[in-house]
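Here are the chains, one letter per residue:
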Amino acid sequence: MGEFATSRINRRALLFHSGSAVVASTVAATARGTGSPGRDQEHSDRLQELIEAHRIAYAAFGKALHDIGGGDSERASREEERALLAICGYAAVEEGDRLAKARYLLEIEARGELDLAEHMQAVLRSTMWKG
């Protein structure tokens with residue numbers, strides 16, 4: 001008595017599976033509240049590459065979780081985490097980059113996935129002047 005079955009699902013996997021409703025409502029609210037950025041607010045190619053790399057890594061992580069056995073999910077999770085940390089650490093200097101970075105990270109935070117100390121440390125370090 002007192003025993004219960006545990007699964008191999010981790011907290012990030014649980015958040016991944018339960019986050020779709022939050023993402024949908026966040027995307028809808030964002031679409032209603034913002035227009036397209038002006039020419040001076042476009043974000044850089046480098047930031048776009050980082051965001052796209054994270055989206056690809058996030059999709060691969062989700063696929064690994066859904067695959068039978070999920071044997072590759074740990075590797076996919078680490079790759080997704082590295083891609084997210086790259087965005088957190090990106091020094092957004094131009095206004096368009098700052099807005100794009102903030103909007104994207106707010107989407108991630110709305111899913112409850114911007115939760116590691118490393119995320120906050122990288123974001124804060126990215127705001128410091130490097131001399």
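Draft legend 1. Inspection of the overall build of the protein chain at higher detail. Each helix and strand in the protein chain was counted, giving six helices and zero strands. If you list the helices and strands of the protein chain from N to C, you get α-α-α-α-α-α. Sorting the 131 residues of the protein chain into buried and exposed places 30% on the buried side. For the protein chain, contacts bridging at least 24 residues in sequence account for 73% of all contacts bridging at least 6. Roughly 8,900 Å² of accessible area belongs to the protein chain as shown, and the carbon and sulfur atoms make up 58% of that amount.

Draft legend 2. A look at the packing of helix 3 (residues 45-66) against helix 4 (residues 73-89). Relative to each other, helix 3 and helix 4 sit at 160°, their axes nearing to 8 Å. Our classification of the angle between helix 3 and helix 4 gives roughly antiparallel. Both helix 3 and helix 4 take part in a crossing whose hand is left-handed. Between helix 3, through Leu50, Ile51, Ala53, His54, Ala57, Tyr58, Ala60, Phe61, Ala64 and Leu65, and helix 4, the contact on the second element is made entirely by Ser73, Ala76, Ser77, Glu79, Glu80, Ala83, Leu84, Ala86 and Ile87. In terms of residue class, the contact of helix 3 with helix 4 is built from 14 nonpolar, three polar and two charged.

Draft legend 3. Expanded view of the packing of helix 4 against helix 5 (residues 95-110). Closest axis-to-axis distance for the helix 4/helix 5 pair is 10 Å, and the angle between their directions is 140°. One way to sum up the angle between helix 4 and helix 5 is to call them oblique. Relative to helix 5, helix 4 is oriented so that their crossing is left-handed. Each of Leu84, Ile87, Cys88 and Gly89 in helix 4 lies in contact with helix 5, whose residues at this interface are Lys101, Tyr104, Leu105 and Ile108. Residues of the contact of helix 4 with helix 5, tallied by class, amount to six nonpolar, one polar and one charged.

Draft legend 4. Representation of the confidence of the model for the protein chain in the model. When pLDDT is averaged across the protein chain, the result is 77; 64% of the residues are at 70 or more. Taken element by element, the protein chain is modelled with least confidence in helix 2 (residues 20-33), mean pLDDT 42, and with most confidence in helix 5, mean pLDDT 96. Note on residues 3-8: pLDDT is under 50 here. Beyond four places in sequence and across chains, it has zero contacts. The model gives residues 14-40 a pLDDT under 50, and that stretch makes 22 contacts with residues more than four places away or in other chains.

Draft legend 5. Examining the pattern of salt bridges more closely. Under the definition given, this model contains five salt bridges. For aspartate 67, the salt bridge identified is with lysine 63, shortest N-O distance 3.3 Å. Of the charged contacts in the structure, one is a salt bridge between arginine 111 and glutamate 113, with a shortest N-O distance of 3.7 Å. Residue arginine 111 is classed as buried on the basis of its relative accessible area of 12%. According to the relative accessible area criterion, glutamate 113 is buried, its value standing at 2%.

About the cut-offs
Counting restarts for each chain: residues are numbered from 1 in the order of the written sequence. Thresholds applied to this predicted model are a pLDDT of at least 70 for local features of residues and 80 or more for the giving and counting of side-chain atom pairs; totals over whole chains, interfaces and linings are not thresholded and use all residues. Only hydrogens and water are set aside when side-chain values are computed; all heavy atoms of the structure are taken into account. Each helix is a run of DSSP H or I of at least 4 residues and each strand a run of E of at least 2, with the numbering of both proceeding from the N terminus. Accessible area is worked out with a 1.4 Å probe on protein chains only. A residue is then buried under 20% of its type maximum, exposed over 50%, and partly exposed in between. Note on contacts: a residue pair is in contact if any heavy atoms of the two residues lie within 4.5 Å. Using a 1.4 Å probe, accessible areas were evaluated by the Shrake-Rupley method; residue-level cover was limited to the displayed protein chains. The axes used here are C-alpha line fits, helices contributing only the stretch in contact, and every angle between their N-to-C directions lies in the interval 0 to 180 degrees. Here is the rule for angles: anything less than 35 degrees is roughly parallel, anything more than 145 is roughly antiparallel, 65 through 115 is roughly perpendicular, and the remaining ranges are oblique. Each crossing gets its handedness from the near helix: less than a right angle anticlockwise from the far helix is left-handed, clockwise is right-handed. Residues are grouped as follows: nonpolar covers Ala, Val, Leu, Ile, Met, Phe, Trp, Tyr, Cys and Pro; charged covers Asp, Glu, Lys and Arg; every other residue, Gly included, is treated as polar. Values of pLDDT, the confidence the predictor places in each residue, fall between 0 and 100. Just to be clear on terms, a salt bridge is a Lys or Arg side-chain nitrogen sitting within 4 Å of an Asp or Glu carboxyl oxygen.

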